[in-house]
Amino acid sequence: MSNIRKIPENELNKLSKDALIMLFLQLSDSFEMQSSQLEILQKQNEKLSSQISNLQESIAVLTQHRFGRKTEKSNTFAGQLTFNLETMNIINEAEKLLEDGEPEEPAIETVVKAHVRKKTKGKREEDLSRVEHQVEKHYLSEEQLNEIFPNGYNQLPDDVYTNLEFVPAKFIAKEHHVGVYTSKGSDHRFARGDHPIELLKSSILTPSLAAGIFNYKYVDAMPINRISEEFRRNDVEISRQVMAGWMIKLADRYIRIIYNEMKKHILTSKLIHCDETPFKLVNDGRSPNSKSYMWVYHSLPKYDAPPIFIYEYQLTRKADHPREFLKDYKGILMTDGYQVYHTLEKECPDTLNVSGCWSHCKRRFANLVKSIGTKSKTGTIAAEANERIAAIYHVDNMTKGKSQEEILNNRKASVKPLVDSFFAWIKTIYESGALDKSSETYKAVQYAVNQESYLRKFLDNAIIPLDNNDAEQSIKAFCVGKHSWHIIDSKNGAEASAILYSIAETAKANGLKPYEYFKYVLEEILKHQDDALETYIKDLLPWSTALPDSCRKQINK
């Protein structure tokens, strides 16, 4: 309760002039203090409201990232076509169901009419044309036919249909008996029968078994412990420790020579995509929460190099690693906005040209639109930025597949004005001070402004794409596996994984069957152990035309 007493009017009339002046001054000081306190409270309230708004924005973005749709597809807007930056689905079930729940298969279009031997080749027959075929005949015996047709019969063309059998993994323990011979005389000569060379001394491992484990883990992203369990279900007992040891030894002893050749070839590419992703490595002497990194470098035929993926394991995310990898490289590096790459360009301005990724820029605004909508002030800014970048993509894609001259002319005439307009607009937003610096919207705007010089690089070179999606998609193979096995046990395991993922992804990119290719490579290297590397290595590279057809995939995307 306050001790302040309200003074009646009759008492005020009795107060002297000096008392009234003092009372007035006291009231003025009190009002001024209260006004100051109110102003402080209002500022604190505005700050708290801003913090709450920023937290709500951050929570919305994180929620969208964790639980929302991943697509960055832009809404249709007048005069523009829709497009989708997300061009690869890691998991695609592709199961079409009818109303009754039955799976919808292509209709059987092979029709055989009575007395007519002509066939119409349908989709199902085309789908099965690459599979080994066996013919089974289901005819009636003469006795059965005579009983059914006592007056004789005529045989019409067969009624033909096809179905597909599945044969699960089959293991065969091959027991090799090697003849051992010695002379009867005193010369003590000794001889052994010819037999296959072992991959690893005193090991049951064969090229086909090694290729099977390789395909399960590095192509299908199945953890070693699940592979071991799958083998056990087929009556084969091989521990995960043994399998992991095999993969490490094979990578170091045999596959590294292919990997090293691939590293040489990727440096001839005019443009290299680059990205990195963290993972946990145990038993490396650091704290349990320390992060290790898998870097990936990727080239494409359109950059005058074979399609190559090089994964490289490193303990950190420092500039030392790409600096060492790219020390002899002269060309363009397409990356995200990580400062390390910009440092490398400043160190080698005459040989290295770093280009920025519009997809990274757009994604920040697209995530805000999906998270907070378009009704708020920040949502409106994010939506406009998203649509402006979508327009840049659309106009640039109009010359997709055209000559470099046409692409460059289009960029200078039609794309550059859109880019100029975008940066003029985004800088106005950035410099206005209207956005709270801790908000996600401000961070997205700041990123765009800071990356301007790198995002503009594509305007002056036709081979530079707008984004680094190729590298992001290539690192996804490792990320999918990472979500299955979570950690790598050792430094040797991480290095082996880098080598084997490189082989798996490069094989797929060159239209090969990873299992068949890996098996073939091991078999051929065993045959050439006494030969000079340069005499045979070029024929084993994933893009070599000398590879047998058994390694090549018949179904094209």
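Cut-off values and rules
- Residues numbered from 1 in each chain as written.
- Predicted model: local features only at pLDDT ≥ 70, side-chain atom pairs only at ≥ 80, totals over all residues.
- Heavy atoms only, no water.
- Phe/Tyr/Trp six-rings, centres within 6.5 Å; stacked < 30°, edge-to-face > 60°.
- Helix = DSSP H or I, 4+ residues; strand = E, 2+ residues; numbered from the N terminus.
- Buried < 20%, exposed > 50% of the residue type's maximum accessible area, 1.4 Å probe, protein only.
- Lys NZ or Arg CZ within 6 Å of the ring centre and 35° of its normal.
- pLDDT = per-residue confidence, 0-100.
- Contact = heavy atoms within 4.5 Å.
- Axes fitted to C-alpha atoms, helices over the stretch in contact; angles between N-to-C directions.
- Parallel < 35°, antiparallel > 145°, perpendicular 65-115°, else oblique.
- Nonpolar A, V, L, I, M, F, W, Y, C, P; charged D, E, K, R; others polar.
- Core = buried A, V, L, I, M, F, W, Y, C linked by side-chain atoms within 4.5 Å.
- Expected span 1.5 Å × (residues − 1).

## Overview of the packing of aromatic side chains
Centre distance and the angle of the planes are the two values used to describe a pair of aromatic rings.
Consideration 1: Throughout the structure, instances matching the rule amount to 16 aromatic pairs.
Consideration 2: Ring geometry for Trp 358 and Phe 423: centres 5.8 Å apart, planes at 55°, overall tilted. With Trp 358 in helix H10 (residues 358-372) and Phe 423 in helix H12 (residues 404-432), this residue pair connects regions lying 65 residues apart in the sequence. Across the pair, exposure class does not vary: Trp 358 and Phe 423 are buried alike.
Consideration 3: One aromatic cluster is present, built from ring pairs that chain together Phe 214, Tyr 218, Tyr 311, Tyr 501 and Phe 518.
Consideration 4: Sitting above the plane of the Tyr 218 ring, Lys 217 keeps its charged end 5.3 Å from the centroid.
Consideration 5: The positively charged end of Arg 317 is found above the aromatic ring belonging to Tyr 338, 3.7 Å away from the centroid.

## What to know about the confidence of the model for the protein
Consideration 1: Overall, the predicted model of the protein reaches an average pLDDT of 82, with 80% of residues at or above 70.
Consideration 2: Mean pLDDT per element in the protein: strand E8 (residues 487-488) is the minimum at 56, and helix H17 (residues 514-527) is the maximum at 96.
Consideration 3: In this model residues 76-103 is a low-confidence stretch, pLDDT under 50, and it forms 38 contacts with partners more than four residues away in sequence or in other chains.
Consideration 4: Predicted confidence is poor over residues 108-119, with pLDDT under 50, and the contacts of this stretch with residues over four places away or in other chains come to 16 contacts.

## Some details on the packing of helix H5 (residues 207-219) against helix H7 (residues 240-266)
Helices that pack against each other are described as a pair by the angle of their axes relative to one another and the distance between those axes.
Consideration 1: Following both chains from N to C, one finds H5 and H7 inclined at 100°, their axes separated by 11 Å at the closest point. Here H5 is positioned roughly perpendicular relative to H7, judged by the angle of their axes. Between H5, through Leu 209, Ala 210, Ile 213, Phe 214 and Tyr 218, and H7, the contact on the second element is made entirely by Met 243, Trp 246, Met 247 and Leu 250.
Consideration 2: Of the residues belonging to the contact of H5 with H7, the class tally is nine nonpolar, no polar and no charged.

## Examining the nonpolar core
Consideration 1: The biggest cluster of nonpolar side chains holds 74 residues, and the ones touching the most others in it are Leu 199, Ile 213, Met 247, Ile 255, Ile 258, Tyr 297 and Phe 518.
Consideration 2: With 11 residues, the top contributor of residues to this core is H7.
Consideration 3: Those residues in contact with Ile 258, other than ones at most four positions away along the chain, are Ile 503, Tyr 517, Val 521, Ile 537, Leu 540, Leu 541 and Pro 542.

## Some words on helix H11 (residues 377-397)
Consideration 1: Relative to the 30 Å expected for 21 residues at 1.5 Å per residue, H11 spans 31 Å between its end C-alpha atoms, a close match to the ideal helical length.
Consideration 2: Counting buried residues in H11 gives 15 out of 21 residues, a clear majority hidden from the surface.

## Comments concerning unusual backbone geometry
Consideration 1: Even without glycine at this site, His 188 takes up a positive phi of about 55°.
Consideration 2: Structurally, His 188 is set in the loop between strand E1 (180-182) and strand E2 (190-192).
Consideration 3: Using a relative accessible area of 66% as the deciding quantity, one classes His 188 as exposed.
Consideration 4: Residue Asp 235 is not a glycine yet carries a positive backbone phi of 70°.
Consideration 5: Relative to the assigned elements, Asp 235 resides in the loop between helix H6 (224-233) and H7.

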